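Working through the structure, step by step
Below, each chain spelled out in residue letters.
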Amino acid sequence: MTRAVIAEDEPLLRDALGRLLGEAWPELDVIAECDNGADALDAIAAQQPDVAFLDIRMPGLSGLEVAAALADASPRPQVVFVTAYDQYAIEAFERGAIDYLLKPIEPERLAATVQ
């Protein structure tokens, strides 16, 4: 079973992403949900998920800073950024992202990410 961490500071958006992931990827086990970057980094270090869904703008560490901190992690999770800001896409891919989803998340687009 694939394990994931979701990091999103807005509770409604975090819940919506969890729900959409459950529909698009029923086998996915969301093992932690975090509302800031520092907690996300801690959860990733402790739980060692296969994939991390990171918002870009969060209190404390940004999603980009979390991804940078994970660069030397072993094992390093796959990183998918979920954000309302398209201007960070190049930097996100430079930080090793496998995908970049814009909010509001379209179920069809999330299905493509899951594939």
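See the structure printed just above.
Residues numbered from 1 in each chain as written. Predicted model: local features only at pLDDT ≥ 70, side-chain atom pairs only at ≥ 80, totals over all residues. Heavy atoms only, no water.

**Notes on the pairing of strand S2 (residues 29-34)**
To keep things clear, this is the line we draw: Paired strands are those between which DSSP finds at least two bridges. Secondary structure elements are defined from DSSP: runs of H or I of at least 4 residues count as helices, runs of E of at least 2 residues count as strands, and each element is numbered from the N terminus. For the handedness criterion, the strands are oriented away from the viewer, and a crossover whose path from the first strand over the helix to the second runs clockwise is classed as right-handed.
For strand S1 (residues 3-7) and S2, the ladder comprises 5 bridges, and the chain directions are parallel. Counted as the bridge partner of Val5 is Ala32 from S2. Following the backbone out of S1, through helix H1 (residues 11-24) and into the adjacent parallel S2, one traces a crossover that is right-handed.

**Overview of the side chain of Asp99**
What counts is decided by this rule: Here a polar contact is taken to be a pair of N or O atoms separated by no more than 3.5 Å, where protein atoms must pair a possible hydrogen donor with a possible acceptor and residues adjacent in sequence count only if both atoms sit in side chains. Here a residue-residue contact requires only that any non-hydrogen atoms of the pair lie within 4.5 Å.
Assignment of secondary structure puts Asp99 in strand S5 (residues 97-102). A polar atom in the side chain of Asp99 sits 2.7 Å from the side chain of Arg109. In contact with Asp99, other than residues within four places in its own chain, are Val79, Val80, Phe81, Phe93, Arg109 and Thr113.

**Side note on the nonpolar core**
Rules: In these notes, a set of buried Ala, Val, Leu, Ile, Met, Phe, Trp, Tyr and Cys residues joined through side-chain atoms within 4.5 Å is what counts as a nonpolar core. Partly exposed describes any residue whose relative accessible area lies between the buried limit of under 20% and the exposed limit of over 50%, with all areas from a 1.4 Å probe on protein chains only and scaled to the type maximum.
Counting 21 residues, the largest nonpolar core has Ile44, Leu54 and Phe81 as the members making the most contacts within it. Where this core is concerned, the elements lending two or more residues are S1, S2, helix H2 (37-47), strand S3 (51-54), helix H3 (63-69), strand S4 (78-83) and S5. Excluding its chain neighbours within four sequence positions, the residues that come into contact with Phe81 are Leu54, Ile56, Gly63, Leu64, Ala67, Ala92, Ala97, Asp99, Tyr100 and Leu101. Core analysis: the next-biggest nonpolar cluster, separate from the first, contains 15 residues, Trp25, Leu101, Leu110 and Val114 among them.

**Examining the environment of Trp25**
Topologically, Trp25 is positioned in the loop between H1 and S2. In the structure, Trp25 is positioned 85 residues away from Leu110 in sequence and 9.3 Å away in space, judged by C-alpha atoms. Residues within four places of Trp25 in sequence aside, it is in contact with Thr2, Val51, Phe53 and Val114.

**Some points on the pairing of S5**
With 5 bridges connecting them, S4 and S5 associate as parallel partners. Residue Val79 lies in a different strand from S5, and its bridge partner there is Ala97.

**Comments concerning the sheet that holds S1**
Under the convention used in this document: For helices, the fitted line uses only the C-alpha atoms of the stretch in contact; every axis is such a line through C-alpha atoms, and the angle between N-to-C directions lies from 0 to 180 degrees.
As summarised here, the arrangement of the 5 strands in space is S2-S1-S3-S4-S5, forming an open sheet in which the pairing is parallel. Where the open sheet ends on each side, the last strands, each with one partner, are S2 and S5. Taking each pair of neighbouring strands and ignoring which way they run, the sheet shows an average axis angle of 20°. On top of the sheet, H1 reaches S1, S2, S3 and S4; it is set at about 155° to S1, its chief contact. The sheet contacts of helix H5 (residues 107-114) involve S4 and S5, and relative to S5 the element is tilted by about 175°.

**Points about the environment of Val30**
Tracing the backbone through its elements, the reader meets Val30 in strand S2. Note on Val30: relative accessible area 28%, which makes it partly exposed. C-alpha separation for the pair Val30 and Pro49, spaced 19 residues apart in sequence, amounts to 8.7 Å. With near-sequence residues (within four places) excluded, Val30 lies in contact with Ala4 and Ile6.

By themselves these figures say nothing about function.
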